[in-house]
Structures are given as structure tokens and as C-alpha cells.
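# Structural features, examined
Each chain is listed here by its residues.
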Amino acid sequence: MIEMAENNSLKVAIVGGGIAGATIAIYLSELGIDVSLLEKGPSLVNGPPICHLHAGGNLYPEISDQQCLTLLAQSIDILRLYPHACDYRPTVIAVPKNHSSTPQELLPRLNKLRNEYQRLIDQDIANKQLGESEAYYQLFERHEVEWLAEQEVVEKPKTLQEWMIPVAKNIELDKLQFPLIMVQEYGLNLFRLAATAGLVLQENRHCQLFMNSHVGDIHPLPNNGGWQIDFLQVDQEKQLKVDYLINAAGFRTGIIDDMLGFKRQRLVEFKAAYVTHWNENNYCWPEVIFYGERGTPNGMAQLTPYPEGHFQLHGMSQNITLFKDGLVASTVQSAQPKLGNDFINKIDKSWAENEINLRSQSAIDHLAAFIPRFSSATIASKPLFGAQQIPGGDPSLRASDVSFEGERYARCEIVKASSVLTAADEIIEQLIRSRLLSPETSKKRDFKVTQQLKEVDILAYAQRLTEQRDYPMALADINVPARPRCEHG
């Protein structure tokens with residue numbers, strides 16, 4: 001049993017057990033707050049595909065420097081909370097010759113991020129989660145890449161040069177601008193993160209989990225006394241009365257808003273990533289990003305490595321990751337954007353086999369344009385998929401966290417997983433302002449609750465989740481057992 005500090009009689013309900021709801025439940029219950037977490041599925045954190053920390057927003061050249069700096073700090077926080085969910089491997093950023101930008105244009109932002117990372121380390125040495133600050137990024141000119149292509153692949157790479165060898169041996173150099181950039185942006189493993197959250201909350205006496213639960217109605221209690229939640233768990237009608245409500249329902253957040261009569265502008269976007277197997281390259285790769293213009297045939301291509309030759313693919317074009325009519329907006333009449341029935345059927349039921357095959361093969365072809373040998377990759381399973389909400393009307397927004405209605409309702413609106421702790425901090429501050437929580441309550445930043453778990457237990461649970469969700473077990477496995485050295489030069 002995980003022991004927490006006692007707080008007070010405050011009772012909080014969280015609707016939605018995705019990464020936002022589960023993480024906020026960990027955070028609040030660690031403070032001794034009694035939390036009820038309602039999740040419609042059989043397990044936690046089973047939403048849109050998570051594969052990348054976005055530690056600096058380097059995948060998104062179109063977003064602001066401030067969003068990038070915010071994502072850097074938030075990514076460090078999420079690594080400290082979920083250390084066993086991290087895949088410690090760097091990311092290569094390649095700019096194609098037909099792209100409108102150049103690698104050199106990225107350097108001022110990368111220098112800002114490197115300096116900010118050092119500032120965060122100076123502030124707290126525990127923030128040193130991405131290696132040495134001077135090695136936050138490294139440039140590789142063409143002659144260096146050509147030299148690395150002649151070297152032997154290292155089974156367990158430790159230096160940035162060793163990580164670059166598989167890329168150098170397989171990439172189509174004539175299609176790219178130089179230098180290539182390697183950044184200490186790591187992977188975030190969906191299944192190990194889900195396992196961590198599940199193990200913590202199942203043993204936490206301050207958190208009551210209601211799995212397979214569908215919320216039917218929520219209405220306010222008299223005299224601003226909180227909320228009554230009516231829900232169905234399996235076939236049993238149940239009721240909760242709580243002081244505070246957190247809406248963490250993901251892309252269905254607007255349904256709860258509509259239930260309570262709250263207006264909110266938002267977008268919802270359906271996306272998918274494709275799971276493939278490349279048998280001839282069963283060794284450690286970095287992640288590789290080829291910049292491209294979103295929504296065009298030349299949209300960004302993303303190769304995310306897993307053990308045993310498995311790769312997750314994104315291609316930001318309409319026939320791969322993006323979907324026609326897959327980005328929808330709320331209306332004056334409803335805070336819930338309406339996805340088409342085809343998307344809802346994918347989320348709640350299943351995909352058509354022919355669409356899995358067609359889109360997965362399109363993703364393979366998209367990556368093979370830069371890595372020709374990847375054309376021999378095969379489809380390994382159904383896609384990773386889901387819908388995400390984006391508050392407001394800007395689909396490029398990436399750093400977002402929480403909004404409020406009155407003193408007893410928070411709406412968690414993260415776009416990237418790393419933003420969730422910022423949302424939790426703001427909820428604590430609002431609870432204190434509303435006098436629902438003692439002003440002496442401090443925000444927890446030691447993260448001992450998740451760090452005390454054993455990696456072997458997390459891995460075993462994560463592997464069970466891949467089996468239950470019908471994905472290859474390798475997606476839960478650990479590619480490199482130890483964090484790589486970040487040597488420069």
C-alpha cells in the first residue's frame with residue numbers, strides 16, 4: 001500500500017482516465033486528497049498515440065519560441081514523474097531539399113533551448129533529464145555522415161555518433177539539406193506510462209478507480225456545494241457527490257461542458273500512427289524526423305523505433321496520419337466538436353482491414369522516399385490512433401493546460417502529454433484560491449510515488465496491456481536499458 005500524506009475532507013472527481021486524468025489523480029492523491037477517477041474503458045491511458053516527449057517542440061517549426069520553451073520545461077517534469085516510461089534515444093531532424101526552411105534557421109531556437117535547459121539544471125539538478133546541456137543538440141555535416149556510414153553498427157549505442165550510424169547507412173543523403181541535427185528529445189512509451197499510472201492508483205488508498213464507467217448526468221448541488229455525478233458501471237447505476245469536478249475527458253471534454261451548460265471553443269482532431277516491422281534492421285535507431293508541410297503529399301515523416309525491428313510511423317498527409325474531415329470545430333450550440341461516425345466507429349469499435357492495409361502501406365512508402373530500404377517493411381498490427389482536443393481555434397497550438405468555470409470546475413485541455421503537470425499545478429492553485437484547500441498545501445515535486453515502483457513490474461504490466469489492446473509486445477519493451485551518455489564531439 002502506497003502511503004500518502006493526509007490532507008483534508010476535500011473530495012474530487014475526475015472524469016476521464018487518460019494521461020491527463022490519471023496523472024492529476026496521482027498528483028492530488030499524493031497530497032492526501034480523496035479522488036474518484038471515472039474511466040469508460042477497462043484500463044488507464046488508452047487514448048491518442050504517445051511516442052515523443054517534445055522536449056523543446058523541435059518537431060514543430062511553425063510554433064512560437066515560447067511554446068518550445070514551455071514544452072522543454074514540461075517534458076523535464078513528465079520525465080521526473082514517469083522515469084520508467086522514457087525511451088532514452090535521441091532524435092534526428094532532417095530538412096529535405098524541397099522544404100521551404102533550412103537547418104541553419106533552426107539554430108537560434110536550439111541555442112535558446114540549450115540555454116534554457118542549463119538554466120533549469122542550475123535551478124534544480126534533478127532537472128538534468130536530457131543529458132548534458134552542451135550536448136542538447138549536435139550538428140552532423142555530410143562528410144561526417146558519410147564517414148559514419150562506413151562504421152559498424154553498435155548494438156547498444158552510447159554516444160551521439162553511435163546513434164547516427166544506422167541513419168547514415170540507410171538515409172538518402174542527396175534528398176536532404178545539411179547539417180543533420182541530432183537533439184536530445186526522447187521517446188515517451190504509452191504502455192509503460194499506462195502501467196505506471198495503473199500500478200500507482202490501484203494501490204493508492206486516496207484514489208478510488210471506477211473503470212468501465214459511463215457518466216450519464218452531472219448536476220450542481222445546492223448552495224454551490226459541489227456536484228452529483230450519476231454514472232453506469234457495467235450494468236450498475238451509481239452516484240457520487242464531490243466538492244470539485246475535473247473534466248479530463250479528452251476529445252469528449254465538450255460533452256461534459258454541454259451537460260453543464262458551459263460554452264467553450266475547441267477543435268478535435270483524429271490522428272493515427274502505423275505499426276510496422278522492418279526485419280532487416282533489428283538494431284537501435286534514433287527517432288528520425290523529416291520536415292514537411294502539413295496536409296500536403298510532402299508532409300512531415302516520422303520514424304519512431306521500438307525493439308525487435310518495430311517502427312511506429314507518422315506521415316502528416318491526408319492519406320496517412322491526417323484524415324479528410326478529421327479536424328472539426330465546436331459550434332455556438334455545442335462545446336463538443338462532432339467527429340463523423342466513421343471516426344467514432346474507429347475509436348469505439350474497429351478499423352476496416354482494407355483501410356489499415358492501405359494507410360499503413362502509404363506510411364511505409366512515405367518513409368521509404370528518404371530511407372529506400374524501408375520499402376521492405378511490413379504491417380505489424382492495427383494502427384495506434386485516437387482523437388485529441390485543441391482549445392481555441394488554432395490547430396498549431398501545442399502548449400496548453402487547463403481552464404476553469406467558477407470555483408469548483410476545471411477543464412483539463414492538454415494537447416501534449418508533457419503539459420499535464422502544469423495543469424495539475426494550476427488546479428491546486430485554484431483550489432487554494434477557492435478556499436477548498438489549505439494555503440499551506442505545497443505542490444509536490446519529489447515524485448517518489450512513481451519512482452518507487454520497480455521497472456520489472458512496470459514492464460510486465462505494460463506487456464499485458466499490449467496484449468489486451470492487440471499490439472506487438474515489443475511496443476512496451478525497453479530498447480536501451482540505460483540512459484545513453486550525451487558526449488559532444
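Residues numbered from 1 in each chain as written. Predicted model: local features only at pLDDT ≥ 70, side-chain atom pairs only at ≥ 80, totals over all residues. Heavy atoms only, no water.

Glancing now at helix H2 (residues 65-81). Counted at 1.5 Å a residue, the expected span for H2 with its 17 residues is 24 Å, and the 25 Å between its end C-alpha atoms agrees. Of all 17 residues in H2, 12 are buried, a share of seventy percent or more. Considered for burial, the residues of H2 that qualify are Gln67, Cys68, Leu71, Leu72, Gln74, Ser75, Ile76, Asp77, Ile78, Leu79, Arg80 and Leu81. Looking at the buried positions of H2, the neighbouring elements they touch are helix H1 (19-30), strand E3 (86-87), helix H3 (107-123), helix H10 (420-433) and helix H11 (448-451). (Helix = DSSP H or I, 4+ residues; strand = E, 2+ residues; numbered from the N terminus. Expected span 1.5 Å × (residues − 1). Buried < 20%, exposed > 50% of the residue type's maximum accessible area, 1.4 Å probe, protein only. Contact = heavy atoms within 4.5 Å.)

For the rest of this paragraph, the subject is the confidence of the model for the protein. For the protein, the average pLDDT comes to 91, and 95% of its residues sit at 70 or higher. Counted against residues more than four places away or in other chains, residues 1-7, with its pLDDT under 50, gives 26 contacts. This model gives residues 484-489 a pLDDT under 50, and the stretch forms 22 contacts once residues within four places in sequence are excluded. (pLDDT = per-residue confidence, 0-100.)

For the rest of this paragraph, the subject is the sheet that holds strand E20 (residues 402-404). The strand order across the open sheet formed by six strands is E8-E2-E1-E12-E21-E20, and the pairing between neighbours is mixed. Both edges of this open sheet fall to strand E8 (207-210) and E20, since each of them pairs with a single strand only. Taking the axes of each pair of neighbouring strands and ignoring which way they run, one obtains an average angle of 20° across the sheet. Looking at chain direction, strand E1 (residues 11-15) and strand E12 (residues 244-247) are connected through four bridges and run parallel. Residue pairing for E12: Ala13 is matched across the bridge by Leu245. (Pairing = 2+ DSSP bridges. Axes fitted to C-alpha atoms, helices over the stretch in contact; angles between N-to-C directions.)

A cis geometry characterises the amide bond from Phe178 onward to Pro179, with omega recorded as 10°. Relative to the helices and strands, Pro179 is located in the loop between helix H5 (160-170) and strand E6 (180-183). Its identity is not glycine, yet Asn223 carries a phi of approximately 60°, on the positive side. Along the chain, Asn223 turns up in the loop between strand E9 (213-220) and strand E10 (227-233).

Put simply, the second largest pocket is a space of about 220 Å³. Forming the boundary of the second largest pocket are 15 residues, of which Asn98, Tyr291, Gly292, Glu293 and Asn298 lie nearest the centre. Residues that form the lining of the second largest pocket fall into these classes: six nonpolar, eight polar and one charged. (1 Å grid on protein atoms, 1.4 Å probe; cavity = no way out; pocket = protein on both sides within 12 Å on 5 of 7 lines; lining within 4 Å. Points joined across faces, edges and corners; volume = space filled by probe spheres on them. Nonpolar A, V, L, I, M, F, W, Y, C, P; charged D, E, K, R; others polar.)

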